[in-house]
Amino acid sequence: MNQPHYILLPASPVFIIFSLIGAFLLNLLPWGGLVGVPDFVALVLIFWSIHQPRKVGIGVAFCMGLLMDVHDAALLGENALVYTLLSYLAIMIHRRVLWFPVRTQALHILPILLFTQVVQLLIRLWITGKFPGWLFFLESLVSVALWPVVTWLLLAPQRRAVDRDDTRPI
């Protein structure tokens, strides 16, 4: 059954900034060598690149990538390149993805996440020559599993009240 589509309020730039900062802080947590911990910045970037491509685009993705490069002590530009590709690919499909339900949207972002992880893997193989193992790709699957939760959380401030007040014009 199809659920009705409600008109959402405009996304607040302040909320977008705070959601990116929150995702960055989640990535700063000491997860250690845990397998399958998603890249929260990538997840939030792909969300905003799909839902608000004019407010969060390739430039924001590049800056967030540089911040993550400094945090990870990785090759400078590695995450910046990956996040830029991620944002570009998300902006390319944003009109089509928004027509689907949230679970189908998650299936549409899976190839994007896997492609960016392959790019990241190729860079690491080229620099270090070490293969991290096939569980490296579990991060994309966990991110796709979290997509409905992230969508619900980040769209929550934009939803209108279900019971409309007749005295309001909108």
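A brief look at the structure comes next.

The rules behind these values
- Residues numbered from 1 in each chain as written.
- Predicted model: local features only at pLDDT ≥ 70, side-chain atom pairs only at ≥ 80, totals over all residues.
- Heavy atoms only, no water.
- Axes fitted to C-alpha atoms, helices over the stretch in contact; angles between N-to-C directions.
- Helix = DSSP H or I, 4+ residues; strand = E, 2+ residues; numbered from the N terminus.
- Parallel < 35°, antiparallel > 145°, perpendicular 65-115°, else oblique.
- Left-handed = near helix turned anticlockwise from the far one by under 90°.
- Contact = heavy atoms within 4.5 Å.
- Expected span 1.5 Å × (residues − 1).
- Bend = angle between axes of the 7 residues up to and from the residue.
- Buried < 20%, exposed > 50% of the residue type's maximum accessible area, 1.4 Å probe, protein only.
- Salt bridge = Lys/Arg side-chain N within 4 Å of Asp/Glu carboxyl O.
- Polar contact = N/O pair within 3.5 Å; in protein donor to acceptor, adjacent residues only side chain to side chain.
- 1 Å grid on protein atoms, 1.4 Å probe; cavity = no way out; pocket = protein on both sides within 12 Å on 5 of 7 lines; lining within 4 Å.
- Points joined across faces, edges and corners; volume = space filled by probe spheres on them.
- Nonpolar A, V, L, I, M, F, W, Y, C, P; charged D, E, K, R; others polar.

1. A short note on the packing of helix α4 (residues 78-97) against helix α5 (residues 102-128)
Consideration 1: Two elements in contact, α4 and α5, have axes whose closest approach is 10 Å; the angle formed by their N-to-C orientations is 160 degrees. Taken together, the axis directions place α4 and α5 in an arrangement best described as roughly antiparallel. Note that α4 runs across α5; the crossing there is right-handed. Across the interface between the two elements, E78, N79, L81, V82, L85, L86, L89, A90, I93 and V97 of α4 pack against Q105, H108, I112, L113, F115, T116, V119, Q120, I123 and R124 of α5.

2. Thoughts on helix α6 (residues 138-155)
Consideration 1: Between its terminal C-alpha atoms α6 stretches 26 Å, which fits the 26 Å expected from 18 residues at 1.5 Å a residue.
Consideration 2: Of all the bends found along α6, the most pronounced is centred on L146 and spans about 45 degrees, while P148, a proline, follows it within four residues.
Consideration 3: Every buried residue belonging to α6 is among S140, S143, V144, W147, V150, T151, L154 and L155, and all of these are buried.
Consideration 4: Buried-residue contacts for α6 involve α1 (13-28), α2 (40-51) and α5.

3. Regarding the pattern of salt bridges
Consideration 1: This model, assessed by the stated rule, comprises 1 salt bridge.
Consideration 2: Residue R124 pairs with E78 through a salt bridge whose shortest N-O separation is 2.9 Å. Placement of the pair is R124 in helix α5 and E78 in helix α4, with a sequence separation of 46 residues.

4. Let's talk about the environment of P38
Consideration 1: Looking at the element boundaries, P38 is found in the loop between α1 and α2.
Consideration 2: Under the relative-accessibility criterion, P38 is labelled buried at 8%.
Consideration 3: The spacing of P38 and L141 is 103 residues in sequence and 8.5 Å in space, taken between C-alpha atoms.

5. Section: the side chain of S49
Consideration 1: Tracing the sequence through the fold places S49 in helix α2.
Consideration 2: Accessibility expressed as a relative area gives 0% for S49, which makes it buried.
Consideration 3: Polar side-chain contacts of S49 include one of 2.8 Å to the backbone oxygen of L45.
Consideration 4: Look past the residues within four positions of S49 in its chain and what remains in contact with it is V56, S87, A90, I91 and H94.

6. Overview of the packing of α5 against α6
A packed helix pair is summarised by two numbers, namely the angle formed by the two axes and the spacing between the axes.
Consideration 1: One can describe the packing of α5 onto α6 by two numbers: an axis separation of 9 Å at closest approach and a directional angle of 145 degrees. Note on packing geometry: the crossing formed by α5 with α6 is right-handed. The segment α5 lies against α6, with V102, Q105, A106, I109, L110, L113, L114 and Q117 engaging E139, S140, L141, S143, V144, W147, P148 and T151.

7. Here's the deal with empty space enclosed by the protein
Consideration 1: Enumeration according to the criterion identifies 1 cavity of 30 Å³ or more in this entry.
Consideration 2: The volume enclosed by the largest cavity comes to roughly 120 Å³.
Consideration 3: What lines the largest cavity is a set of 13 residues, and nearest its centre among them are D39, A42, L113, T116 and E139.
Consideration 4: Listing elements by their share of the lining of the largest cavity, those giving two or more residues are α4, α5 and α6.
Consideration 5: Split by residue class, the lining of the largest cavity holds 5 nonpolar, 6 polar and 2 charged.

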